[in-house]
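Descriptive structure summary
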Amino acid sequence: RSVKEFVQSLSDENLAYLCIGAYQSADECGAGGVIGNAGMLVAGAAGETTHRLDDIGMESLIMADGPAGLRLSTCYTLGEDGMARSAVMPFSTGLEEYMEIPEMERMKAKMEKQVEEAGENVYYQYGTAIPIDTAIAQSWNEELCGVCGDIVGSEMELFSVNLWLAPGLNIQRSPLCGRNFEYYSEDPVISGNISAAITASVQRHAGCGTTIKHYMCNNQETNRFFSNSVVNERAIREIYLKGFEICVKRAQPHALMTSYNLLNGEHTCSSKALITQVLRNEWGFEGIVMSDWRVTGSMRKNAGKYSSASAAGCVWAGNDIVMHGGDVDKDDILTALNDASHSYTLSRGDLLACAKRVCDMVELLYKR
């Protein structure tokens, strides 16, 4: 049967699962869900789409972080259930944002014990470090971009990764921005053309796609979950959107990631204007859209001026996958169905549209 028929046969709950990447219930959440250690099938993968539909033959898309090549765990073990488990800390810094120091120490001790008990059944995987995005952009060399993209695509095939969570093409507005190494330039034309060249090279490899990010105006690291970028439409279109537009029209990346911040008072992941009207209707984007990690209310609370993003709002806007979500997200989506009192009232058609795009991408990348 067709993808459309398959999706239409699913219950509302299963449709919600498709819209929540790497769904974890309250009992399942913990250190294993930390970015860089959230993959079940590939050690160190940043996340996967849902496994809740495995029993009816729905494969999961596996995502690996970037930006300078694939960021995967170099050491891992395989459990009796066939799941890969990282045997090293996912990354050396940044965990403090999600975990207290004692919890980090317990996690490290657990991994050391895991390696000791695994004995000879310890495995290693090493990726190639390509230059950071800023250095690549300084070359002005699309042939070099093709070489770098080919390296990433080859290793995605080797490690069974479907989506690379890169390249990042936000505008470098200040030398103090903590993500400048992950972005190309202060110029949208350079950013768009360089990212398009890399995307085209990666996607020449079967089953591999890029995820351009962070859409859009993710211009600071401090308080980026709740910062509000106030920008007029001319600047948005001529500067902040232009690089994304060039990349989409030239290379059709298979995925796009929205940003943490709000834009003019609205979370980008819940902006129908950005995702449906501009990205899909104006530019003709054909891929899937996912949120940045832990942006919704299931993962992060805020007592300040702005609230967390809503999973239902993501679906309403056409943001296909909330990464990575849990019970609160599922409840939010199901509650919003035909509930006029919800901030983002959903119809089953809204759920079907997002779920179908996810299934279409699974079919494309697995080449059924």
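Residues numbered from 1 in each chain as written. Predicted model: local features only at pLDDT ≥ 70, side-chain atom pairs only at ≥ 80, totals over all residues. Heavy atoms only, no water.

1. Considering the overall build of the protein chain
From N to C terminus, the protein chain includes 12 helices and 12 strands. Relative to the globule expectation of 21 Å for 368 residues, the C-alpha radius of gyration of the protein chain, 20 Å, shows essentially globular dimensions. Taking the principal axes of its C-alpha atoms as reference, the protein chain extends roughly 60 × 50 × 45 Å. Within the protein chain, buried positions represent 57% of all 368 residues. Contacts spanning at least 24 positions in sequence make up 75% of the contacts within the protein chain whose residues lie at least 6 apart. For the protein chain, the computed accessible surface area is about 15700 Å², with 49% contributed by carbon and sulfur atoms. For the protein chain, the centre of its 31 positive side-chain charges and the centre of its 47 negative side-chain charges are spaced 4 Å apart. (Helix = DSSP H or I, 4+ residues; strand = E, 2+ residues; numbered from the N terminus. Rg over C-alpha atoms; globule rule 2.2 N^0.38 Å. Buried < 20%, exposed > 50% of the residue type's maximum accessible area, 1.4 Å probe, protein only. Contact = heavy atoms within 4.5 Å. Areas by Shrake-Rupley, 256 points an atom, 1.4 Å probe, with all protein chains shown as cover. Lys, Arg positive; Asp, Glu negative; His and termini not counted. Charge placed at Lys NZ, Arg CZ, Asp CG, Glu CD.)

2. With respect to the pattern of salt bridges
For the structure shown, the criterion picks out 17 salt bridges. For the salt bridge of Glu221 with Arg224, the shortest nitrogen-to-oxygen distance reads 3.5 Å. Put simply, Asp320 and Arg280 hold a salt bridge, and the shortest N to O gap is 2.8 Å. One end of the pair, Asp320, is in the loop between helix H10 (311-317) and helix H11 (327-336); the other, Arg280, is in helix H9 (residues 272-282), and 40 residues separate them in sequence. Per residue, the accessibility class of Asp320 equals that of Arg280, and both read buried. (Salt bridge = Lys/Arg side-chain N within 4 Å of Asp/Glu carboxyl O.)

3. Remarks on the sheet that holds strand S1 (residues 47-48)
Within a sheet, neighbouring strands are paired by backbone hydrogen bonds and run either parallel or antiparallel to one another. Spatial ordering of the open sheet is given by S1-S2-S6-S7-S9-S12, a layout of 6 strands whose pairing is mixed. The open sheet is flanked by S1 and strand S12 (288-290), the only strands paired with a single partner. The pairing of strand S6 (residues 163-165) with strand S7 (residues 209-215) spans 2 bridges and is parallel. Along S7, the bridge assignment pairs Trp164 with Thr210. (Pairing = 2+ DSSP bridges.)

4. Examining unusual backbone geometry
Gly66 connects to Pro67 through a cis peptide bond whose omega is 5°. Mapped onto the secondary structure, Pro67 falls in the loop between strand S2 (62-65) and strand S3 (75-78). A positive phi angle is found at Arg294, which is not glycine, with a value near 65°.

5. Structural notes on helix H5 (residues 142-159)
It helps to recall that an α-helix has 3.6 residues per turn; residues three or four apart then point in one direction. For H5, spanning 18 residues, the distance from its first C-alpha to its last is 25 Å, which sits close to the expected 26 Å at 1.5 Å a residue. Burial in H5 covers these residues: Cys145, Gly146, Cys148, Gly149, Val152, Gly153, Glu155, Met156 and Phe159. Buried residues belonging to H5 abut helix H4 (133-139), S6, helix H6 (188-202) and S7. The opening residue of H5 is Asn141, an N-cap whose side-chain oxygen sits 2.9 Å from the backbone nitrogen of Glu143. One or two residues past the end of H5 sits Ser160, with phi positive at roughly 60°. (Expected span 1.5 Å × (residues − 1). Polar contact = N/O pair within 3.5 Å; in protein donor to acceptor, adjacent residues only side chain to side chain.)

6. Details of the sheet that holds strand S10 (residues 262-263)
Strand order across the open sheet formed by 3 strands is S8-S10-S11, with mixed pairing between neighbours. The strands lining the two open edges of the sheet, one partner per strand, are strand S8 (228-229) and strand S11 (266-267).

7. Some details on the nonpolar core
Membership of the largest hydrophobic core comes to 50 residues, with the highest contact counts inside it found for Leu18, Leu163, Met290, Trp293 and Ile333. If you list the elements that add at least two residues to this core, you get helix H1 (3-8), helix H2 (12-18), S6, strand S9 (255-258), S12, H10, H11 and helix H12 (348-366). For this core, the element with the highest residue contribution is H12, accounting for 8 residues. Among the nonpolar cores identified, the runner-up in size contains 49 residues, and Val152, Ile171, Val231 and Leu274 belong to it. (Core = buried A, V, L, I, M, F, W, Y, C linked by side-chain atoms within 4.5 Å.)

8. Structural notes on the packing of aromatic side chains
Taken as a whole, this structure holds 6 aromatic pairs when the rule is applied. Seen in terms of ring centroids, Trp316 and Tyr344 are 5.5 Å apart; in terms of plane orientation they differ by 50°. Their pairing is tilted. One end of the pair, Trp316, is in helix H10; the other, Tyr344, is in the loop between H11 and H12, and 28 residues separate them in sequence. Owing to a relative accessible area of 29%, Trp316 belongs among the partly exposed residues under this scheme. (Phe/Tyr/Trp six-rings, centres within 6.5 Å; stacked < 30°, edge-to-face > 60°.)

9. Considering the confidence of the model for the protein chain
Close reading of the predicted structure is inappropriate where its pLDDT is low. Predicted confidence across the protein chain gives a mean pLDDT of 88, with 90% of residues reaching 70 or more. Between residues 30-37, whose pLDDT stays under 50, and residues either more than four places distant or in other chains, the model counts 30 contacts. (pLDDT = per-residue confidence, 0-100.)

10. Notes on the pairing of S3
Of the pairings in the sheet, the one linking S3 to strand S5 (residues 122-124) comprises 3 bridges and is antiparallel in character. Within S5, the residue paired with Cys75 across the bridge is Tyr124. In this sheet, strand S4 (residues 84-86) lies alongside S3 in antiparallel orientation, the contact comprising 3 bridges. When the sheet's bridge partners are listed, Tyr76 is paired in S4 with Ser86. The antiparallel hairpin formed by S3 and S4 contains 5 residues in its connecting segment, where Gly82 sits at a positive phi of about 85°.

11. What to know about the side chain of Ser270
Here Ser270 is to be found in the loop between S11 and H9. Take Ser270: its relative accessible area is 1%, and that puts it in the buried class. Discounting residues that sit within four places of it in the chain, Ser270 has contacts with Ser310, Gly313, Cys314, Trp316, Ala317 and Tyr344.

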